[in-house]
Amino acid sequence: MADDDAGAAGGGGASRAARGAASADASAAGAAPVREAADVVIVGAGLTGAAAAWRLAQAGRDVLVLERDVPAGRLGSSHGSARILRYGYADGFYTSLLRRAEGGWRELERASGRRLVTRTGCVDFGPERRIAPVARAFAAEGLEHEVLAPQEAAARWPGISFDSAALFQPDAGVLDAEGTVAALLDAARSLGARVLTGWEAASVRERAAGYEVLARDGRRAEAGRVVVAAGGWLPGLLRELPLADGCLERLPPLRVMQESAFHFPYREPGATPAGLPGPPAAPPGGAISGAAPSDAAASEADAPDEAAVWPTFIHMGSGLPVYGLPGGRDAGHRGQKVARFNAGRPLADASEQDLAVTQGQRRDVVDFVRERMPGLVPEPYAETTCLFTNTPNEDFVLDRWGGVVIASPCSGHGGKFAPLLGELIRDLALPEEPARGLAAVPERFQPWHGSLLEHDGGVS
Ligand SMILES: Cc1cc2nc3c(=O)[nH]c(=O)nc-3n(C[C@H](O)[C@H](O)[C@H](O)COP(=O)(O)OP(=O)(O)OC[C@H]3O[C@@H](n4cnc5c(N)ncnc54)[C@H](O)[C@@H]3O)c2cc1C
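1. Some details on the site of the ligand
The environment of the ligand is formed by 33 residues, the closest being T48, E67, S78, I84 and C386. For the ligand, a nitrogen atom lies 3.0 Å from a polar atom in the backbone of R68. G415 places a main-chain nitrogen or oxygen 3.1 Å from an oxygen atom of the ligand. With the chains in place, 97% of the 1000 Å² that the ligand exposes on its own is no longer accessible. Those elements giving two or more residues to the shell around the ligand turn out to be α2 (47-58), β3 (63-67), β4 (83-85) and β19 (382-390). Among the elements that take part in the shell around the ligand, β19 stands out by supplying three residues, more than any other.

Shown next, in the form of structure tokens:
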């Protein structure tokens, strides 16, 4: 049953609100489903779809978001309060891509009056962590960074046991994924966008004057352009999209993984090297803002914050990498979220997920914490699952066929680019706009318009 929030005030005019109210009334009355209409229909209200909604509404388009569940729902990839925002990639392409996203984060924090990114810094270490190329990427982007000997690093972060030199980058931090989805959709709604929840798109058909999105229960939505940002459900939806022969073959294989993550309590919550009560304020013009722009953010900033003591981290040793970050709201502000990257269960499609964490997954991360994190109690007090939608080289897929845009920017590292991804999707969806079109979208993301990069190692 669709919940329609098209009544929101601001841009978009009465017709949209009237249409929204009509659809809710009609379906409530059991009448034939109302046919929705918009300039652009977006399938999926995770970080990607919500960012696209914001940017397309800013471009003055009538935007309708269709979400099968709820925005940033528990079954997708964008739920929860904590994702790492880091610049530390051996492939400098992603370091500079995040530089391009910085303005968008500041703009969204200003627009929402919320702090969405808390700066904690990120420390990369481990015998397999190739520090040099990452440090080069930092230098190329003029990003502050330090290489510390294991003893120096241990002195700065006594809660972590270092098995190698460490590379520290102070502008990195923790982004509030769920809070960002809410901020993006609020901003889009204030410009007239509508969000229908409980609306599962089953297929997209090309029509004389555009496209029609059909729900399993017969509801329809018409639009000139369609953006498919369906996360882990994309593999199952691809064959229901109006793509030319050969398109699917040119797409990189998408592999959905049910990942797990755990929260471990800090042994000494609240103790910080500098005795700071909360996160340090960002220097003006810093990479990504840390300054609380409003009262709401100020009250959130005053929440006990372990971020000042505990950085985010990436450890590369034997086996798959392990990452960790202050868990924030999800962790009751009293623990670190720790997980092994890509160690989850492969799924054919998101609909196969069972939200179950295996004993093996839990034991593996507990062993890591016991060995490497003396500042944490190696007994998780909370755990969760979440979906990765991977490509073989961890590059994103952002491309357009006719008026249908496919957006799959995940591989476990897409969240930090959200505000920029919204811009790139807008540019793909509105190619007629002079300064837009394909040019702004990195070719390596475009299987149909760019040259697919042969990549053996993935994006580390
Ligand atoms: C455990 C974990 C840790 C991560 N850590 C980081 C990190 O540290 N840093 C980082 O940058 N990124 C990280 N990521 C990646 C980041 O979270 C994802 O890239 C991002 O959330 C992807 O958002 P999305 O909108 O593409 O997908 P989703 O959030 O899954 O959104 C897709 C939406 O589409 C809806 N939908 C699907 N099919 C349909 C349909 N047919 N009709 C209507 N609606 C539909 C779904 O319900 C869902 O809400 C992590 C991800 C996970 C899982």
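2. Describing the sheet that holds β4
Pairing within the open sheet is antiparallel, and its three strands lie in the order β4-β9-β5. Either end of the sheet is taken by a strand with one partner, and the two such strands are β4 and β5 (117-119). Strand-to-strand twist across the sheet, computed as the mean angle between neighbouring axes with direction ignored, equals 30°.

3. Some remarks on the packing of aromatic side chains
By the definition in use, this model includes 18 aromatic pairs. Relative to F341, the ring of Y323 lies with its centre 6.1 Å away and its plane at 75°, an arrangement referred to as edge-to-face. In this pair, Y323 is assigned in strand β16 (residues 322-326) and F341 in the loop between β17 (335-340) and β18 (345-347), connecting sequence segments 18 residues apart. Judged by relative accessible area, Y323 falls into the buried class, the value being 15%.

4. Topic: helix α11 (residues 418-429)
The end-to-end C-alpha separation of α11 is 16 Å, in line with the 16 Å expected for 12 residues at 1.5 Å each. A large share of α11 lies buried, amounting to 11 of its 12 residues. By the burial criterion, the buried members of α11 are A418, P419, L420, L421, G422, L424, I425, R426, D427, L428 and A429.

5. Topic: the nonpolar core
In terms of nonpolar packing, the biggest core is built from 59 residues, with I42, L56, V63, W105, V227, L398 and F417 touching the most fellow members. Mapped onto this core, the elements with two or more residues apiece are β2 (35-43), α2, β3, α3 (92-112), α4 (131-140), α6 (177-189), β21 (404-408) and α11. Among the elements that line this core, the one with the most residues is α2, at eight residues. Formed by 34 residues, the second largest nonpolar core is a distinct cluster that contains A230, L238, L254 and A350.

6. Observations regarding the pairing of strand β12 (residues 210-215)
Counting buried residues in β12 gives six out of six residues, a clear majority hidden from the surface. Counting the residues in the hairpin turn of strand β11 (residues 201-207) and β12 gives two residues. Taken together, β12 and the strand that follows it, strand β13 (residues 220-228), pair antiparallel across an intervening segment of four residues, in which G218 is found at a positive phi of about 95°.

7. What about helix α10 (residues 359-372)?
Between its first and last C-alpha atoms α10 spans 20 Å; for 14 residues at 1.5 Å apiece the expected length is 20 Å, and the two agree. Buried residues of α10: Q361, V365, V366, F368, V369 and R372, and no others. The arc that holds the buried residues of α10, viewed along the axis, is 155°, so those residues lie on one side. For α10, the exposed residues lying more than 90 degrees away from the buried face are R370 and E371. At its buried positions, α10 is contacted by β6 (122-125), β14 (255-265), β15 (312-315), β16, β17 and β18.

Definitions and limits used
- Residues numbered from 1 in each chain as written.
- Predicted model: local features only at pLDDT ≥ 70, side-chain atom pairs only at ≥ 80, totals over all residues.
- Heavy atoms only, no water.
- Near = heavy atom within 4 Å.
- Polar contact = N/O pair within 3.5 Å; in protein donor to acceptor, adjacent residues only side chain to side chain.
- Areas by Shrake-Rupley, 256 points an atom, 1.4 Å probe, with all protein chains shown as cover.
- Helix = DSSP H or I, 4+ residues; strand = E, 2+ residues; numbered from the N terminus.
- Pairing = 2+ DSSP bridges.
- Axes fitted to C-alpha atoms, helices over the stretch in contact; angles between N-to-C directions.
- Phe/Tyr/Trp six-rings, centres within 6.5 Å; stacked < 30°, edge-to-face > 60°.
- Buried < 20%, exposed > 50% of the residue type's maximum accessible area, 1.4 Å probe, protein only.
- Expected span 1.5 Å × (residues − 1).
- Core = buried A, V, L, I, M, F, W, Y, C linked by side-chain atoms within 4.5 Å.
- Arc of directions from axis to C-beta.
- Contact = heavy atoms within 4.5 Å.

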